Amino acid sequence: MKRRLSQSGYEFLKTELSHLESTGNLKEGQSKELMGLYDSPRSQIKSSRIKMNSVQILTLIGGILIGLGILSFVASNWSELTKLTKFSILLATLVVFYLMAFSLEKKNPYLSKAFYYIGAFAYGAEIFYIGQMFHLGGNIEDAFLMWGIGIFPLAMYLKDNLLKGVSILFVYTFIEFKFLLAEGALVYGAILIIPILFAFGYYIMKNNHYILVVNFILLYQFIEMNVMFTENWIGYLPIVVIPVLFALNHFVMNNTKELMILNFFLLYQFIEMKFVLKPLEQEQFPYVALLLLPLLFYIGHKLMNKSKPLFIINFFFALQLTAYLFYYFKFENLTIIALFYFTLWMVLTYFQHPDYRKFMKFVGTFMHFPTALILSFPITWYMLFYEDVQFYENAPDSNALIASIVFSILYLIYALSLVKSENLYGIAIVSIFVLRFYVDLSLAFMDKSIAFIIGGILLLSLGYWFEKTRRREMGKNEELIK
Amino acid sequence: MKSLSNNKLFIISLTLPIILLLSMTVKPLITIYFGETVKLQTVPFDPRDLFYGDYVDLDFEAENIPINIVENSLRKTLDNNTSGSYSRDDLKVYVVLEQNNITGVHDVISVSAKKPKSGTYIKGISSPYIHENKLTVSIPIEKYYLAENTGTQLEEASSKGQLIATIKVYNGYSILRSVE
């Protein structure tokens, strides 16, 4: 076995040996030969980095699971406790976990982070509990706003991108529900809020690219909801608005790729409204759109210099047309539809057009998993066996269940083959699949809060064990060096 | 944010959630302690909610209001909307209640767009149209949370038509207290 050295020791030895070689104390090539007796620190680092990642993932999932346990504890109303006790327990969980996390920050950063996550979850649980305590219910978006605002300082403090992302996502969820999907006067609140969001992205989030794009998506959605879907003359405003947006991107925003995509998206949607939805509404076949499609691909490929944004939009347009065609022919067999898309994603994962390889592979890879998840539920399969049965519950035998299990096993084998080739996505697929079945089975036999908490503790201890092993191994290395 | 020291930012991270949580309880608590008690006839059923556990969805008799007790100026707006000439947005309304001395339950005595100067009233959202001579008003109390798996008992009780909700009302804001 090769001898192991720390990175600095390895570097030191290497420079010294090559120095000896250059002064003639060693023969030419001998330094390389000698260095070959040692384990390159690069391979060591690689393996320990993978371990660190798996620890992070485990603590993360563990934190989330315990958090879910707390959430579902709220949901299941522990009837023996008084309201005030429950309120206090949750508040205490928040405070205690934050403080524990704070004190562990230096000693055990991963555990500390997991504790912060649990605290943030307890906070969310408390928000929902207040809703329950006073029978407020209803406005789920307000709860998300409170959650998002409440964890934002923590995200800034930890400089944790995941928490930042979640916090901002919650606030945007609130804005989406409250203003963009609202009816009546509140819609005009968006006119005020969208500029504030742009200012927030620019000044506080240091002009973060993703936030900018999300803000533009909101702005576009606003235009869409209030202009595109209107029946009267306003519905034709896009003829003016869309060229203005293209000009804006060209002259002011330095031809941002994402904005370009959004602009084309609006343009295509306009086409869609006029040539697809309108005919479908009158039960006519959308032949104009179908004829336009190859033309659009042709324009993008030949005339627009193989434009990638255009290809992306064309791709989604084509995808949408497939959905409309299912609708037009009143094809309602969910099993076949799901299998159709699943096959499509798998094909895209492995076969791409050379000019658009990256995008096609991306879409295929990231879509086959959610589709497979849908296909792992027996309810997706029953239509394949009994066309006339209206509800899954009325199915006469367990064919659908068997089909879903066979599918899941085959898909898991595929995911495991990904894991074997060290594909992180494969690991994610396997974990979520295992979790999905764990939830399904454990919920049938156990109280769900206990199930979640046990799962979470299991994962956390696994993370702790990994961390300990890693440290022990590093300690051994240090001793070897001495 | 840079001017803040790390410890201060941690303290903010900890106190902001607590302040937000406590502030959420203020309005309901004020209503419970200073509000007036109102009893309303209900029509419930029993779905489930991922975040909140078991609950009973509540519909109140007071949410279907005969058009003849709607206050005049509001009625005009509704008539215009129904004939299709004005906006279709939902309306904010005040449902004025009075206790029925025989049943003990509160009945709607009028609905108006302006805040009443006195009496017991609940803020609600009204549909912009009149439908079959009735106005549908949604009172922002929808759910009554229960201990898990007790929803069926209440459901059975409601099928006998005897469920009454006790509500605290303060300044138009309402908090559900119990369902019997």
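The structure displayed is predicted, hence computed values, not measured ones.

Calculation rules
- Residues numbered from 1 in each chain as written.
- Chains lettered and ligands numbered in written order.
- Predicted model: local features only at pLDDT ≥ 70, side-chain atom pairs only at ≥ 80, totals over all residues.
- Heavy atoms only, no water.
- Helix = DSSP H or I, 4+ residues; strand = E, 2+ residues; numbered from the N terminus.
- Buried < 20%, exposed > 50% of the residue type's maximum accessible area, 1.4 Å probe, protein only.
- Areas by Shrake-Rupley, 256 points an atom, 1.4 Å probe, with all protein chains shown as cover.
- Contact = heavy atoms within 4.5 Å.
- Core = buried A, V, L, I, M, F, W, Y, C linked by side-chain atoms within 4.5 Å.
- Pairing = 2+ DSSP bridges.
- Axes fitted to C-alpha atoms, helices over the stretch in contact; angles between N-to-C directions.
- Salt bridge = Lys/Arg side-chain N within 4 Å of Asp/Glu carboxyl O.
- Patch = residues over 30% accessible without salt bridge, like charges linked within 9 Å, V, L, I, M, F, W, Y side chains within 5 Å.
- Lys, Arg positive; Asp, Glu negative; His and termini not counted.
- Charge placed at Lys NZ, Arg CZ, Asp CG, Glu CD.
- pLDDT = per-residue confidence, 0-100.
- Phe/Tyr/Trp six-rings, centres within 6.5 Å; stacked < 30°, edge-to-face > 60°.
- Parallel < 35°, antiparallel > 145°, perpendicular 65-115°, else oblique.
- Left-handed = near helix turned anticlockwise from the far one by under 90°.
- Nonpolar A, V, L, I, M, F, W, Y, C, P; charged D, E, K, R; others polar.

### Observations concerning the overall build of chain B
For step 1, the next point in the chain: When helices and strands are counted, chain B shows three helices and 11 strands.
For step 2, the next point in the chain: When the elements of chain B are put in sequence order from the N terminus, they spell out α-β-β-β-β-α-β-β-β-β-β-α-β-β.
For step 3, the next point in the chain: The buried share of chain B, reckoned over its 180 residues, is 43%.
For step 4, the next point in the chain: Element-wise, carbon and sulfur atoms account for 52% of the exposed surface of chain B, whose accessible area totals about 10200 Å².

### What about the overall build of chain A?
For step 1, the next point in the chain: The helix and strand inventory of chain A stands at 19 helices and two strands.
For step 2, the next point in the chain: The 482 residues of chain A split such that 43% are buried.
For step 3, the next point in the chain: Looking at chain A alone, contacts between residues at least 24 apart form 61% of all its contacts between residues at least 6 apart.

### Things to note about the nonpolar core
For step 1, the next point in the chain: Residues Tyr98, Tyr116, Tyr123 and Trp147 of chain A are the most contacted members of the largest nonpolar core, which totals 62 residues.
For step 2, the next point in the chain: Among the secondary structure elements, those contributing two or more residues to this core are helix H4 (83-104), helix H5 (109-133), helix H6 (140-158), helix H7 (161-180), helix H8 (189-204) and helix H9 (209-228) of chain A together with helix H1 (6-34) of chain B.
For step 3, the next point in the chain: When residues in this core are grouped by element, the largest group, 16 residues, is from H5 of chain A.
For step 4, the next point in the chain: Excluding anything up to four places from it in sequence, tyrosine 123 of chain A contacts Leu94, Met146, Trp147, Gly150 and Ile151 of chain A together with Pro17, Leu20 and Leu21 of chain B.
For step 5, the next point in the chain: With 29 residues, the next largest nonpolar core counts Leu74, Leu91, Leu135 and Leu163 of chain B among its residues.

### Remarks on the sheet that holds strand S8 (residues 134-138) of chain B
Residue and element names in this part refer to chain B.
For step 1, the next point in the chain: Ordered by their spatial adjacency, five strands build an open sheet running S4-S8-S7-S5-S6, and the pairing between neighbours is antiparallel. Across the chains shown, the open sheet's two edge strands, defined by having one partner strand only, are strand S4 (64-66) and strand S6 (106-112). Direction aside, the axes of adjacent strands within the sheet are offset by 45° on average.
For step 2, the next point in the chain: Direction of pairing for strand S5 (residues 91-99) relative to S6: antiparallel, over a ladder of six bridges. Considered in S6, the bridge of leucine 97 is made with valine 108.

### A word on the pattern of salt bridges
Residues and elements named next belong to chain A.
For step 1, the next point in the chain: By the definition in use, this model includes three salt bridges over all chains.
For step 2, the next point in the chain: A salt bridge links lysine 113 to aspartate 160; the shortest N-O distance between them is 3.5 Å. With lysine 113 in helix H5 and aspartate 160 in the loop between H6 and H7, this pair connects stretches of sequence that are 47 residues apart.
For step 3, the next point in the chain: Looking at aspartate 160, the relative accessible area reads 4%, which means it is buried.

### Some remarks on the environment of tyrosine 117 of chain A
For step 1, the next point in the chain: For tyrosine 117 of chain A, the location among the structural elements is in helix H5.
For step 2, the next point in the chain: For the pair tyrosine 117 of chain A and isoleucine 66 of chain A, spaced 51 residues apart in sequence, the C-alpha separation works out to 9.4 Å.

### Things to note about the sheet that holds strand S11 (residues 173-179) of chain B
Residues and elements named next belong to chain B.
For step 1, the next point in the chain: One open sheet accounts for three strands, arranged S1-S10-S11; its pairing is antiparallel. Lying at the two open borders of the sheet, with one neighbouring strand each, are strand S1 (36-41) and S11. The sheet shows a mean angle of 30° between the axes of neighbouring strands, direction not considered.
For step 2, the next point in the chain: Pairing geometry for strand S10 (residues 164-170) and S11, over six bridges, is antiparallel. Bridge assignment links isoleucine 167 to a residue of S11, and that residue is leucine 176.
For step 3, the next point in the chain: Sitting on the sheet, H1 touches S1, S10 and S11, and the angle it makes with S11 is about 70°.

### A closer look at a positive patch on the surface
For step 1, the next point in the chain: Together, Lys27, Lys92, Lys115 and Lys123 of chain B make up a region of like positive charge exposed at the surface.
For step 2, the next point in the chain: The exposure class of lysine 123 of chain B is partly exposed, given its relative accessible area of 36%.

### Section: the confidence of the model for chain B
Residues and elements named next belong to chain B.
For step 1, the next point in the chain: In this model, chain B carries an average pLDDT of 77, and 77% of its residues clear a pLDDT of 70 or more.
For step 2, the next point in the chain: Of all helices and strands in chain B, the one with the weakest mean pLDDT is strand S2 (residues 48-49) (46), whereas H1 scores best (87).
For step 3, the next point in the chain: Counting contacts from residues 46-51, a segment whose pLDDT is below 50, to residues more than four positions away or on other chains yields 19 contacts.

### Describing the confidence of the model for chain A
All names here are of chain A.
For step 1, the next point in the chain: When pLDDT is averaged along chain A, the result is 78; 79% of the residues meet or exceed 70.
For step 2, the next point in the chain: Taken element by element, chain A is modelled with least confidence in helix H3 (residues 41-75), mean pLDDT 61, and with most confidence in helix H14 (residues 334-350), mean pLDDT 91.
For step 3, the next point in the chain: Confidence over residues 44-51 falls short of pLDDT 50; this stretch has eight contacts with residues more than four positions distant or in other chains.

### Some details on a nonpolar patch on the surface
For step 1, the next point in the chain: On the surface, a cluster of nonpolar side chains totalling about 630 Å² of accessible area is made up of Leu401, Ile402, Ile405, Val406, Ile409, Leu410 and Ile413 of chain A.
For step 2, the next point in the chain: Given a relative accessible area of 43%, valine 406 of chain A falls into the partly exposed group.

### Description of the packing of aromatic side chains
Residues and elements named next belong to chain A.
For step 1, the next point in the chain: The full count for this structure, using the stated rule, is 39 aromatic pairs over all chains.
For step 2, the next point in the chain: Considering the side-chain rings of tyrosine 202 and tyrosine 203, the 5.1 Å spacing of their centres and the 85° angle between planes classify their relative orientation as edge-to-face.
For step 3, the next point in the chain: Consider the rings of phenylalanine 311 and tyrosine 356, whose centres lie 3.9 Å apart with planes at 5°: the pair is stacked. Here phenylalanine 311 is found in helix H13 (residues 308-328), whereas its partner tyrosine 356 is found in the loop between H14 and helix H15 (357-375), with 45 residues between them in sequence.
For step 4, the next point in the chain: In this structure phenylalanine 311 comes out as buried when scored by relative accessible area, which is 10%.
For step 5, the next point in the chain: The rings of Phe297, Phe311, Phe315, Phe316, Tyr356 and Phe359 are connected pair by pair, giving a single aromatic cluster.

### As for unusual backbone geometry
For step 1, the next point in the chain: Of note in the backbone geometry, lysine 159 of chain A takes a positive phi value of approximately 50° without being a glycine.
For step 2, the next point in the chain: The residue lysine 159 of chain A is located in the loop between H6 and H7 in this model.
For step 3, the next point in the chain: For lysine 159 of chain A, a relative accessible area of 62% puts it in the exposed group.
For step 4, the next point in the chain: Backbone geometry places asparagine 171 of chain B, a non-glycine residue, at a positive phi of 55°.
For step 5, the next point in the chain: Examined against the element boundaries, asparagine 171 of chain B turns out to sit in the loop between S10 and S11.

### Thoughts on the environment of leucine 94 of chain A
For step 1, the next point in the chain: With respect to the helices, strands and loops of the structure, leucine 94 of chain A is situated in helix H4.
For step 2, the next point in the chain: Among the residues examined, leucine 94 of chain A registers a relative accessible area of 0% and is labelled buried.
For step 3, the next point in the chain: Between the alpha carbons of leucine 94 of chain A and glutamate 126 of chain A there is a distance of 8.8 Å; along the sequence they are 32 residues apart.
For step 4, the next point in the chain: Ignoring sequence-local partners within four residues, the contact set of leucine 94 of chain A consists of Gly119, Ala122 and Tyr123 of chain A together with Pro17, Ile18 and Leu21 of chain B.

### Considering the packing of H6 of chain A against H7 of chain A
Two measures define how a pair of helices packs: the angle their axes make with one another and the distance between the axes.
Residue and element names in this part refer to chain A.
For step 1, the next point in the chain: Viewed as axis vectors pointing N to C, H6 and H7 meet at an angle of 155°, and their least axial separation amounts to 7 Å. Taken together, the axis directions place H6 and H7 in an arrangement best described as roughly antiparallel. When you trace H6 past H7, the crossing you get is left-handed.
For step 2, the next point in the chain: A breakdown of the residues in the contact of H6 with H7 according to their chemical character gives 17 nonpolar, two polar and four charged.

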